[in-house]
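# Observations on chain architecture
The chain contents come next:
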Amino acid sequence: IPSPIVTELCDDLPQALKECFLATRYAPCIVTALAVDQQYPETSMIYSLLRKDFRVLGNVIFDRHKGPHRVPEGKELITAILCEQASRRLFNEPNDMIITEVLQEMDFLYPAFSGRLIFSRVYRWKYGAVQLQPGMLYQQHAARKTLQDESRNLYFAGDGLYWSGLEVSLNTGMQAARQIIKKL
């Protein structure tokens, strides 16, 4: 759960903790799923593109490389993650506009890509990436300590408050489990 939403779910948080959670800023994120009618044989699973060369695409993932049953034979499913600037600029625009801009850059990478499109989907996350403001790292460490010291029945798993990721999810989940077990 992105930390600003926690304040809507938990009424009894200390005011300082609420203020810390509400101060956390996020950048939006847009991800598109693109299915095409052919495979691109000489590809890797993930391509991170240079912002100086691409104004829309940030990362391109060929889902077929995730496993043999992810994509039907002879087809390709590509996840295109927009860079932060494009996500901010296009976040409230119609899906068609987003897909058009993504396909223009995909056509640059793979000529005639857009002509092979079977379907496309657009996904938006308002809370895509934490944006650390000066002093936030310290404040969020203090917030976690406040949660641990003052909140007897509230545990966070999956959010490091100041960053997100698989390792953070695992570690915070283990920490929450240890706290619950300790109280039992």
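Below: a short report on this structure.

What counts, and at which threshold
Residues numbered from 1 in each chain as written. Predicted model: local features only at pLDDT ≥ 70, side-chain atom pairs only at ≥ 80, totals over all residues. Heavy atoms only, no water. Buried < 20%, exposed > 50% of the residue type's maximum accessible area, 1.4 Å probe, protein only. Helix = DSSP H or I, 4+ residues; strand = E, 2+ residues; numbered from the N terminus. Arc of directions from axis to C-beta. Core = buried A, V, L, I, M, F, W, Y, C linked by side-chain atoms within 4.5 Å. Contact = heavy atoms within 4.5 Å. Polar contact = N/O pair within 3.5 Å; in protein donor to acceptor, adjacent residues only side chain to side chain. Expected span 1.5 Å × (residues − 1).

This part takes up helix 2 (residues 15–23). Of the positions making up helix 2, those classed as buried are Leu 17, Cys 20 and Phe 21. Mapping the buried residues of helix 2 onto a view down its axis gives an arc of 95 degrees, with all of them on the same face.

Attention shifts here to the nonpolar core. In terms of nonpolar packing, the biggest core is built from 25 residues, with Leu 34, Ile 78, Leu 82, Val 102, Met 106 and Phe 113 touching the most fellow members. Only strand 1 (25–36), strand 3 (57–62), strand 4 (76–82), helix 3 (84–90) and helix 4 (95–109) provide two or more residues apiece to this core. Excluding residues within four positions of it along the chain, Leu 82 makes contact with Ile 30, Thr 32, Val 56, Gly 58, Ser 87, Leu 90, Ile 98 and Val 102.

Moving on to the side chain of Thr 7. Here Thr 7 is to be found in helix 1 (residues 3–9). Polar side-chain contacts of Thr 7 include one of 2.8 Å to the backbone oxygen of Pro 4. The contacts of Thr 7, once residues within four sequence positions are left out, are Leu 13, Lys 18, Phe 21 and Leu 22.

Now for helix 4. Between the first and last C-alpha of helix 4 there are 21 Å, a value that for 15 residues agrees with the 21 Å anticipated at 1.5 Å per step. Where helix 4 is concerned, the buried positions are Ile 98, Ile 99, Glu 101, Val 102, Leu 103, Glu 105 and Met 106.

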